[in-house]
Amino acid sequence: ARRAATCAPPTAGALADGTAVPLLANLGKPEDATAARELGAEGVGLFRTEFLFLNSAEAPTVADQQAAYETLLSGFAGCKVVVRVLDAGADKPLAFLNDDTEENPALGLRGIRVLRAREQILRDQLTALAQADAATTERGEGAELWVMAPMVATVEETEYFTSLARELGIKTPGVMVEVPSCALLADRVLQVADFASIGTNDLTQYTLAADRLLGSVASFQDPWHPAVLRLVKEVGAAGRDAGKPVGICGEAAADPLLAVVLVGLGATSLSMSPSALADVRMSLSGHSLDDARAIAEAALAANDAASARAAAQAAASRTT
Ligand code: PEP
Ligand code: MG
């Protein structure tokens, strides 16, 4: 193998006291890597792999997947790249995988559940990722590949995914925390998984029991809700106790003030659409970790999302 590449991002996310908070990109296509790096992404915190499976009557081959993953990894050579295995179902239905007669697809066979029912698809994806990791590393253009499963609800699913991923050559397997049961048992989940990444879009949907696609309940889909923040705090504390990273990869991380709150609750990195990186970087740089914790406590003490935001705003203006 050639000498490993170094990441060297142009800027790095940090709090006012110097605490590093890596700012990563949410990407849906390998070709988006260049633009994300130009906007200052320090790595990829969520690579959605659904694009490989769309408009297709069956799963892509291992070789086709491997080529796409190599493009992604070499585009972020030396950096951390977190890839999510296929998240099919609910808001991301796939004709050949999902049962369109389910009455409640968000509560149905989606994410890790459908992969488990069709395990060869998961095995192929993990194999393609491990091979892409080995091939890019061999060429000296490898990234630090982490791989996570969506929609994990139980410790047992965490054991299933991480052991299969390790068996197939993935060095750092983790889980997305998108279901309240997973957040509530995060201490046990993190005894098994190497990292957690909180998907605040689904975590909000499931905490408030409001379909994220349904306009009539859209007002519930607000990650500022203190019930959501409390779950984030639970996961952050579990990560600190276990000495394992807890990232955020839902839309919440792109809100500059909420980003400060999430760090105050224990998030160790934030991933967002690249266009949000500059504003979040600026916002974090205005607050120390102690400030962030105080701002988070103010938000947690509120009764609803709007009051949490207002309380955080007031606390933030006191601490800057
Ligand atoms: C989430 O649920 O917050 C998430 C990042 O995943 P997606 O939006 O793709 O479901
Ligand atoms: Mg999700």
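Residues numbered from 1 in each chain as written. Chains lettered and ligands numbered in written order. Predicted model: local features only at pLDDT ≥ 70, side-chain atom pairs only at ≥ 80, totals over all residues.

S.K.: What should I look at first to understand unusual backbone geometry in this one?
M.R.: Both trends apply: most residues other than glycine have a negative phi, and most peptide bonds are in trans. Although it is not a glycine, Ala-90 sits at a positive phi angle of roughly 55°. Within the secondary structure layout, Ala-90 lies in the loop between β3 (80-84) and α3 (112-117). The buried category is assigned to Ala-90, around which 22 C-beta atoms lie within 10 Å. Even without being a glycine, Met-151 presents a positive backbone phi close to 65°. Note on placement: Met-151 falls in the loop between β4 (144-149) and α5 (155-167). The class for Met-151 is buried, based on 25 C-beta atoms found within 10 Å. (Helix = DSSP H or I, 4+ residues; strand = E, 2+ residues; numbered from the N terminus. Buried ≥ 20, exposed ≤ 12 C-beta atoms within 10 Å, placed from the backbone.)

S.K.: Help me understand helix α2 (residues 62-75), please; the structure alone is not making it clear to me.
M.R.: One turn of an α-helix holds 3.6 residues; hence residues three or four places apart share an orientation. Here α2 spans 20 Å end to end across 14 residues, near enough to the 20 Å set by a 1.5 Å rise per residue. Residues of α2 that are buried: Gln-65, Gln-66, Tyr-69, Glu-70, Leu-72, Leu-73 and Gly-75. Along its buried surface, α2 packs onto α1 (33-38), β2 (43-48), β3, α4 (119-138) and β4. (Expected span 1.5 Å × (residues − 1). Contact = placed C-beta atoms within 7 Å.)

S.K.: Can you walk me through the environment of Asp-211 in this structure?
M.R.: Of note, Asp-211 is situated in the loop between α8 (200-208) and α9 (226-242). Residue class for Asp-211 comes out partly exposed when judged on the 19 C-beta atoms lying within 10 Å of it. Here the alpha-carbon distance between Asp-211 and Met-272, two residues 61 residues apart in the chain, equals 22 Å. Discounting chain neighbours no more than four positions away, the residues touching Asp-211 are Ala-106, Gln-205 and Val-217.

S.K.: What's the story with the environment of Glu-251 in this structure? I'm lost.
M.R.: The residue Glu-251 is located in the loop between β7 (246-248) and α10 (256-264) in this model. With 18 C-beta atoms counted inside 10 Å, the residue Glu-251 sits in the partly exposed group. Along the chain, Glu-251 and Ser-271 lie 20 residues apart, while their C-alpha atoms are 8.5 Å from each other. Setting aside residues no more than four positions away along its own chain, Glu-251 makes contact with Thr-200 and Asn-201.

S.K.: Help me understand the environment of Ala-183 in this model?
M.R.: Along the chain, Ala-183 turns up in helix α6 (residues 180-184). Classification of Ala-183 by C-beta neighbours within 10 Å gives buried; the count is 23. Along the sequence, Ala-183 and Ala-311 sit 128 residues apart, while their C-alpha atoms lie 24 Å from each other. For Ala-183, the residues in contact, after removing those within four places along its chain, are Val-177, Leu-203, Leu-231, Glu-234 and Val-235.

S.K.: Please clarify how the sheet that holds β4 should be interpreted in this entry.
M.R.: Paired through their backbone hydrogen bonds, the strands of a sheet run either parallel or antiparallel. The strand order β1-β2-β3-β4-β5-β6-β7-β8 describes a closed barrel built from eight strands, whose pairing is parallel. Neighbour-to-neighbour, the strand axes of this sheet turn through a mean angle of 25°, independent of strand direction. Examined bridge by bridge, strand β1 (residues 23-27) and β2 share three bridges and lie parallel to one another. Within β2, the position partnered with Ala-25 by the bridge is Val-44. Docked against the sheet, α9 engages β5 (173-177), β6 (196-198) and β7, running at close to 160° with respect to β6. (Pairing = 2+ DSSP bridges. Axes fitted to C-alpha atoms, helices over the stretch in contact; angles between N-to-C directions.)

S.K.: Would you explain the pairing of β3 in this entry?
M.R.: Side-chain direction in a regular strand flips from residue to residue, so the side chains alternate between the two faces of the sheet. The element β3 is extensively covered by neighbouring structure, given that five of its five residues are classed as buried. Side chains of β3 alternate between two faces, with Lys-80, Val-82 and Arg-84 and Val-81 and Val-83 buried alike. One ladder, built from four bridges, connects β2 with β3; its direction is parallel. For Val-44, the partnering residue across the bridge sits in β3 and is Val-81. Taken together, β2, α2 and β3 form a β-α-β motif whose crossover is right-handed. With five bridges connecting them, β3 and β4 associate as parallel partners. Bridge assignment links Val-82 to a residue of β4, and that residue is Trp-146. (Right-handed = clockwise from strand over helix to strand, strands pointing away.)

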